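# Residue-level structural notes
Residues per chain, in single letters:
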Amino acid sequence: MTYIARAINHEYAQKAINIANINDYNFGNLDFEVVWKSGDIDKLSEDTGQRHVTFLPQMFIHSLVENENRSYLSEYLLSFLRQNASFEDRYCELGNKRHQITTQLATEVSNFFSHLSTLQDIGDKIEKLGNKSSIEAELQTIAENSEALSKSSGFTDEENKKYKELQQKVTSLNAQCETIQRTREYFQELSNQIPAHIEKTISELDELVEEVIASLGLADAEIKSAKPHIIKLKQEIQVTNKEFIKDILGAAKKLSRELETTTGKLNTAKKQLDSFLNKISNQQKLKELQDASKQSTLLLKQIDRHETTKSKIEKKYQHSVKKIGEFITERYKIQKKIIELFNDPTYTEIGDDIVVIADLTFDEDKFNNNFLGCFDRRYDISRLGNFFRNNSIAWSSDKHVEIINSIFHKLIKTPEAALIFRSGQTLQSAVEILLRDYLSHEFTVKQGGEDIFRMSPGKQGLILLEIYLYLSDSPYPILIDQPEDNLDNRTIYSHLVDYIKKRKQYRQIIIVTHNPNIVLGPDAEQIIVANQDGQGQGRNAKYRFEYVSGPIECSFTDSKILSILGAQGIREHVCQILEGGKEAFRKREEKYCLG
């Protein structure tokens, strides 16, 4: 059975063998061929089989309910549920949403650290420029010293008033010229860059249209009917773009004229101011004050520009923090919906009071190893928040969003030096690891409220076999090796046989067994009897391993045939192998007094 499964799908079969922890029989160089109804052949020696098959090797069912294989049980149960078309559609829909949210979250984390880096750079630049309050105080001192110079030069009250007005006017006109010039450069830069972006957008639009056509498999007539709308859209984009470029170029020209006019006013004001400045006796001191005033004013303008930029980036930074929180919440909600889907009775109630149940889980080991591994664990990990106990996260389902958000905010608000990272780790790497998707699910099975992991081995095997036969809607074959292990005959006949009879109408079921109830109870269409030469059961005709097959109605004995398989019919073989022979069967019948 193992070699048949491996010939059909080597990777899948080997995984089941590993879970069952069984040893392969050594056939030497013997090859296996599986011939399908279509005429296709899968060979064991080619090791390339990729067809679908359900394979349950001996002890596989019982191995699934061992704790170390619990994840495999969940994997198999989910694979069965996904064979239901409506379940699969909903599961894929939710899975795609979760993947999309995770991708958006990763993008927002990248944006967050980009904003944080920009804020740090701006802060460094402002710090290098100096303290704003100190510069403003220095400007006030320079103004007072300039006024004192003007008074000592014998300015009348009227001249002093005029002198101050001219100073203010020159400062104001200078600011206007700078604003006009930056705005004009902004318009010119837009006019230079936007056309290329519009062309790229139109090109991407063409690519999108081609992708939609390919995905829907549209015919030429269908494409032709939609094409005028696409052409119209592209034309409207191009027309709007041309009008926009024309408008901003016009605005830029208008600003150039405005700059020329304002510059003229500035030069006139400067000349008028110079006539006053020439009257001041201490020209050297006045020049020093003017230069200092210009330098301080320039510093203030640079600080103001940086603070304006900083204010905008801070808003983006806070927006990223908010979005990250929203994505954490949304991903959790989607995972809860997936769990609700897993527990929908439409898909998970098997009958016989058996139900498949899923719980939300959090991979604490992975989280502790990956996230807490970012930090120097020699120091108390409680510095990361209140959700850690004994160097491990204290996770609970109902507080998941609160826990992750709390740790995230603790990280970004704590000075990096105080977080005490391990060598090679940074705040960004810690946040990225924190916000990975550690949520998952774990399946179990219950019957009458009793968990399968608390049942006897026999009951565990029976329930899982029923699930395999009930939930799996796949049309491909199922191979089962000795399902009777740990099951009594009454249970086999009253439960397992009925499930086999129902499912064999829809798929091919091949079973290796030593139990007569499994062979005769479900009315097997074909019984295959195997014999290994030299194992005390009689000689084979030619080969080490020989087989004979047929229905239970095939009955005969022929003492002239020397080979054990050829000397009698299927009914005789079944009676001998599964019942111990006619005499053993009759003695049991007598003892039971069933006559």
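Refer to the structure printed above.
First, a word on scope: everything that follows refers to the structure included in this document. (Residues numbered from 1 in each chain as written. Predicted model: local features only at pLDDT ≥ 70, side-chain atom pairs only at ≥ 80, totals over all residues. Heavy atoms only, no water.)

On to the overall build of the chain, then. A tally of helices and strands in the chain yields 19 helices and 13 strands. In the chain, the proportion of contacts linking residues at least 24 apart, taken out of those at least 6 apart, comes to 71%. A total accessible area of about 35,200 Å² is found for the chain, and carbon and sulfur atoms account for 49% of it. Across the chain, the 78 positively charged side chains and the 87 negatively charged ones have centroids separated by 7 Å. (Helix = DSSP H or I, 4+ residues; strand = E, 2+ residues; numbered from the N terminus. Contact = heavy atoms within 4.5 Å. Areas by Shrake-Rupley, 256 points an atom, 1.4 Å probe, with all protein chains shown as cover. Lys, Arg positive; Asp, Glu negative; His and termini not counted. Charge placed at Lys NZ, Arg CZ, Asp CG, Glu CD.)

With respect to the helices, strands and loops of the structure, Gln 104 is situated in helix 5 (residues 85–129). Sequence spacing of Gln 104 and Asp 558 is 454 residues, and the spatial spacing of their C-alpha atoms is 76 Å.

All told, the structure shown has 21 aromatic pairs when counted by the stated rule. With a centroid separation of 5.0 Å and 45 degrees between ring planes, the pair formed by Phe 342 and Phe 443 is classed as tilted. With Phe 342 in helix 9 (residues 283–342) and Phe 443 in strand 8 (residues 439–447), this residue pair connects regions lying 101 residues apart in the sequence. The same class applies to Phe 342 and to Phe 443, which are both buried. The structure contains a cluster of three or more aromatic residues connected by ring pairs, namely Phe 362, Phe 367, Phe 371, Phe 375, Trp 395, Phe 421 and Tyr 438. If you follow Arg 70 out to its NZ or CZ, it ends over the ring of Phe 453, 4.0 Å from the centre. (Phe/Tyr/Trp six-rings, centres within 6.5 Å; stacked < 30°, edge-to-face > 60°. Buried < 20%, exposed > 50% of the residue type's maximum accessible area, 1.4 Å probe, protein only. Lys NZ or Arg CZ within 6 Å of the ring centre and 35° of its normal.)

If you walk across this open sheet you meet the four strands as 4-5-8-9, and the pairing is antiparallel. Whereas interior strands pair on both sides, the edge strands pair on one side only; in this sheet they are strand 4 (349–351) and strand 9 (450–451). As defined by bridge partners, strand 5 (residues 354–362) adjoins strand 8 across nine bridges and the pair is classed as antiparallel. Note on strand 8: the bridge partner recorded for Leu 360 is His 441. (Pairing = 2+ DSSP bridges.)

Across the sheet, which stays open at both edges, the three strands sit in the order 3-10-11 with parallel pairing between neighbours. In this open sheet, the two strands that pair with only one neighbour each are strand 3 (54–56) and strand 11 (509–512). Between one strand axis and the next, the sheet turns through 10 degrees on average, direction left out of account. With four bridges joining them, strand 10 (residues 478–481) and strand 11 adopt parallel strand pairing. If you follow Asp 481 over to strand 11, its bridge partner there is Val 512. (Axes fitted to C-alpha atoms, helices over the stretch in contact; angles between N-to-C directions.)

Of note in the backbone geometry, Asn 390 takes a positive phi value of approximately 50 degrees without being a glycine. You can see Asn 390 is positioned in the loop between strand 6 (388–389) and strand 7 (392–393). The residue Asn 391 is not glycine, and still its phi comes out positive at about 60 degrees. Tracing the backbone shows Asn 391 in the loop between strand 6 and strand 7.

Relative to each other, helix 12 (residues 400–413) and helix 14 (residues 427–434) sit at 175 degrees, their axes nearing to 11 Å. Between helix 12 and helix 14, the angle is such that the two are roughly antiparallel. Between helix 12, through Ile 404, Ile 407, Phe 408 and Leu 411, and helix 14, the contact on the second element is made entirely by Leu 427, Val 431 and Leu 434. Here the residues of the contact of helix 12 with helix 14 sort into seven nonpolar, no polar and no charged. (Parallel < 35°, antiparallel > 145°, perpendicular 65-115°, else oblique. Nonpolar A, V, L, I, M, F, W, Y, C, P; charged D, E, K, R; others polar.)

The subject of this paragraph is the packing of helix 7 (residues 157–216) against helix 8 (residues 220–277). At a closest axis distance of 8 Å, the pairing of helix 7 and helix 8 adopts a crossing angle of 165 degrees. Here helix 8 runs roughly antiparallel to helix 7, going by the angle between their axes. The two elements helix 7 and helix 8 meet at a crossing, and its hand is left-handed. Across the contact of helix 7 with helix 8, the residue classes tally to 32 nonpolar, twelve polar and ten charged. (Left-handed = near helix turned anticlockwise from the far one by under 90°.)

Turning to the nonpolar core, a few remarks are in order. In terms of nonpolar packing, the biggest core is built from 114 residues, with Phe 60, Phe 371, Phe 375, Leu 411 and Ile 467 touching the most fellow members. Among the elements that line this core, the one with the most residues is helix 9, at 15 residues. Residues contacting Phe 60, with those up to four places away along its chain left out, are Ala 16, Ile 19, Ala 20, Tyr 76 and Tyr 468. One finds Tyr 163, Ile 248, Ala 252 and Leu 277 within the second-largest nonpolar core, a separate group that totals 17 residues. (Core = buried A, V, L, I, M, F, W, Y, C linked by side-chain atoms within 4.5 Å.)

Among the surface-exposed residues, Leu 208, Val 212 and Leu 216 lie close enough to one another that they form a single nonpolar patch of about 280 Å² accessible area. Within the secondary structure, Val 212 is located in helix 7. Under the relative-accessibility criterion, Val 212 is labelled partly exposed at 38%. (Patch = residues over 30% accessible without salt bridge, like charges linked within 9 Å, V, L, I, M, F, W, Y side chains within 5 Å. Salt bridge = Lys/Arg side-chain N within 4 Å of Asp/Glu carboxyl O.)

This part takes up the side chain of Glu 572. Along the polypeptide, Glu 572 turns up in helix 18 (residues 570–579). Within the buried set, Glu 572 has no salt-bridge partner at all; the shortest N-O distance to an opposite charge, 5.4 Å, is to Lys 582. Not counting the four nearest positions on each side in its chain, Glu 572 is found in contact with Cys 554, Ser 555, Phe 556 and Thr 557.

Okay, helix 16 (residues 489–503) next. Look at helix 16: 20 Å from first C-alpha to last across 15 residues, which is about the 21 Å you get at 1.5 Å a residue. Along helix 16, the sharpest kink reaches roughly 35 degrees, centred on Leu 496. If you check which residues of helix 16 are buried, you get Thr 491, Ile 492, Leu 496, Val 497, Tyr 499, Ile 500 and Arg 503. Looking at where helix 16 begins, the residue whose side-chain oxygen comes 3.1 Å from the main-chain nitrogen of Arg 490 is Asp 488. (Expected span 1.5 Å × (residues − 1). Bend = angle between axes of the 7 residues up to and from the residue. Polar contact = N/O pair within 3.5 Å; in protein donor to acceptor, adjacent residues only side chain to side chain.)

What follows covers the pattern of salt bridges. A complete count under the given rule lists 22 salt bridges for this structure. We note a salt bridge from Arg 51 to Asp 40, for which the minimum N-O separation is 2.6 Å. On the criterion of sequence distance, the pair formed by Arg 51 in the loop between strand 2 (41–43) and strand 3 and Asp 40 in the loop between strand 1 (33–35) and strand 2 is long-range, its members being eleven residues apart. When its relative accessible area of 26% is taken as the criterion, Arg 51 is described as partly exposed. By relative accessible area, Asp 40 is classed as partly exposed at 38%. Shared partners join several salt bridges into a network, and the residues in it are Asp 40, Asp 42 and Arg 51.

The next point concerns the pairing of strand 10. Of the two faces of strand 10, both are covered, the one formed by Ile 478 and Ile 480 as well as the one formed by Leu 479 and Asp 481. With respect to chirality, the unit in which strand 10 leads through helix 16 into the neighbouring parallel strand 11 is right-handed. (Right-handed = clockwise from strand over helix to strand, strands pointing away.)

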